[in-house]
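Each chain, written out:
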Amino acid sequence: MPRYTLTLMGLEISFKTDADNVRIEAAQAFIENKHKELVSGAGDISKEKLLTYLLLSLADDYLVAEDKLKRLEGKIGEILEKTSTDPGR
């Protein structure tokens, strides 16, 4: 399992993961962009509060995406059900 060392928001972190380098770089860019969004609107706040806001923002993004996925899976299920019970097929 590869080991990565990244610097995010001034903090150096090391970890092992099965994710490839492209995913790690995409995740790092995503976090850095979220960080920039929060800093631009937050002003001068402590690193702890900033990290908490970042976590809340990412959790909210995740929950919205999860809800959207569930709705899309429901729609796909409805379409599949209609096509499997359609007598013309």
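Residues numbered from 1 in each chain as written. Predicted model: local features only at pLDDT ≥ 70, side-chain atom pairs only at ≥ 80, totals over all residues. Heavy atoms only, no water.

**Quick look at the domain arrangement of the protein chain**
Split into domains, the protein chain comes out as domain 1 (1-41) and domain 2 (44-88). Here domain 1 and domain 2 have C-alpha centroids that lie 22 Å from each other. Between domain 1 and domain 2, the residue contacts involve nine residues of the former and eight residues of the latter. Taken together, the two surfaces of domain 1 and domain 2 that pack against each other cover about 750 Å², and 79% of this comes from carbon and sulfur. Looking only at domain 1, the three residues that lose the most surface to domain 2 are Met9, Lys34 and Leu38, adding up to 61% of its buried area. Taken together, domain 1 and domain 2 are joined by one salt bridge. The salt bridge involving Lys34 is made with Asp61; its shortest N-O contact spans 2.7 Å. (Domains from an automatic or database assignment. Contact = heavy atoms within 4.5 Å. Buried area = accessible area lost by both parts, 1.4 Å probe. Salt bridge = Lys/Arg side-chain N within 4 Å of Asp/Glu carboxyl O.)

**Focus: the pairing of strand 2 (residues 11-16)**
One ladder, built from six bridges, connects strand 1 (residues 3-8) with strand 2; its direction is antiparallel. Within strand 2, the position partnered with Leu6 by the bridge is Ile13. Here strand 1 hands over to strand 2 after two residues, with Met9 in that stretch at a positive phi of 55°. (Pairing = 2+ DSSP bridges. Helix = DSSP H or I, 4+ residues; strand = E, 2+ residues; numbered from the N terminus.)

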